[in-house]
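Architecture and fold: a report
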Amino acid sequence: MNPFHSTYQAGNASIGWSAEVQRLKVQAMMGWEKEYRNLQWFGLKDGMRILEVGCGPGFVMEQLAKQLPNSPITGLDLDENLLKHAEGLFDEQAKKNVDFVQASVYGTGLPECSYDFVVARMLFLHLHKPEDAALEMWRVLKPGGRIVIIDIDDGIFGVVQPDLEEFQSITKKFTDMQGKAGGNRLIGRSLPRLLQKAGFQEIDLETVAVHSDLAGVEGFQVQFDAKRFEGFNRSRLLSTKEFSAISEVAERLSNDPHSYAMMIFVMASGIKV
Ligand SMILES: C[S@@+](CC[C@H](N)C(=O)[O-])C[C@H]1O[C@@H](n2cnc3c(N)ncnc32)[C@H](O)[C@@H]1O
């Protein structure tokens, strides 16, 4: 029985818990400036009551709290250890504006109509029941409140240079594997209708392009870290050729000045009217 009803639990990460938390940090920060720019474009303002669902180790919350000093921010996650980590990022003064809730996104237990803005980052691709989560977010938002889902879509996931013959087949395998486990790495494309179905209106969609020349290579190095894929190689989900190709990407990004990479995040938004 999986209480998360999702494909993500940090405790199961093949690289170990601490390395996974570090990976989440780098991944959250690589496009943050642009994500935040879009959040503002979608209407995020200081003073709003904010809920971050699936806040994990709290790095996004930390940024939100710095940039929006008058906003009360709730971080919600089902993972107790990640929540403790998130709490540890805030000193006593900063804690006055934040609170932490251990609950599932499907049934938060939060009062209805209580938030101005909900952010869900890299959560929906993991959810077995994304429609139920969207409905719950609709419930807790105030009328006029907005949700923004930041996620990926493997169809436009990204590119590496030099181009890699195996990139498409590897991506397809991860898409299929995630699908079989009950998640959806193609979720980006279906977010507008997901929000629509949950009752949201004024739906909008944006993308954020993160390029290693501009954001640095670290985020991409952790993304392609061969250690994350060793299990898939052992279980033969990835062929030896495909596994070597991933290792080569990480190696080239570290050592070859002619190598670079780009990754796309999708941001979908809607309002509870
Ligand atoms: C990939 S992490 C993303 C963390 C953070 N939002 C970020 O962007 O770095 C996904 C998070 O969703 C949480 N999660 C997974 N299933 C959940 C559920 N059913 N309810 C609440 N949180 C859940 C996990 O514990 C984890 O912290």
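Presented here is a report on the structure given in the accompanying data block. (Residues numbered from 1 in each chain as written. Predicted model: local features only at pLDDT ≥ 70, side-chain atom pairs only at ≥ 80, totals over all residues.)

1. Describing the packing of helix α6 (residues 130-140) against helix α8 (residues 187-197)
The contact between α6 and α8 brings their axes to 10 Å, and the two run at 50 degrees. If you check the angle between α6 and α8, you find them oblique. Remark: the crossing between α6 and α8 carries right-handed chirality. Residues Pro-130, Glu-131 and Ala-134 of α6 pack against Ile-187, Leu-194, Leu-195 and Lys-197 of α8. Taken together, the residues of the contact of α6 with α8 break down into five nonpolar, no polar and two charged. (Axes fitted to C-alpha atoms, helices over the stretch in contact; angles between N-to-C directions. Helix = DSSP H or I, 4+ residues; strand = E, 2+ residues; numbered from the N terminus. Parallel < 35°, antiparallel > 145°, perpendicular 65-115°, else oblique. Left-handed = near helix turned anticlockwise from the far one by under 90°. Contact = placed C-beta atoms within 7 Å. Nonpolar A, V, L, I, M, F, W, Y, C, P; charged D, E, K, R; others polar.)

2. Digging into the pairing of strand β5 (residues 141-151)
Taken across its 11 residues, β5 has eight buried, putting it largely inside the fold. Here six bridges tie strand β4 (residues 115-121) to β5, and the two strands are oriented parallel to one another. For Ala-120, the partnering residue across the bridge sits in β5 and is Ile-149. Handedness of the β-α-β unit built from β4, α6 and β5 comes out right-handed. The sheet contact formed by β5 and strand β8 (residues 260-271) spans six bridges and is antiparallel. What sits directly across from Arg-146, in β8, is Ile-271. (Buried ≥ 20, exposed ≤ 12 C-beta atoms within 10 Å, placed from the backbone. Pairing = 2+ DSSP bridges. Right-handed = clockwise from strand over helix to strand, strands pointing away.)

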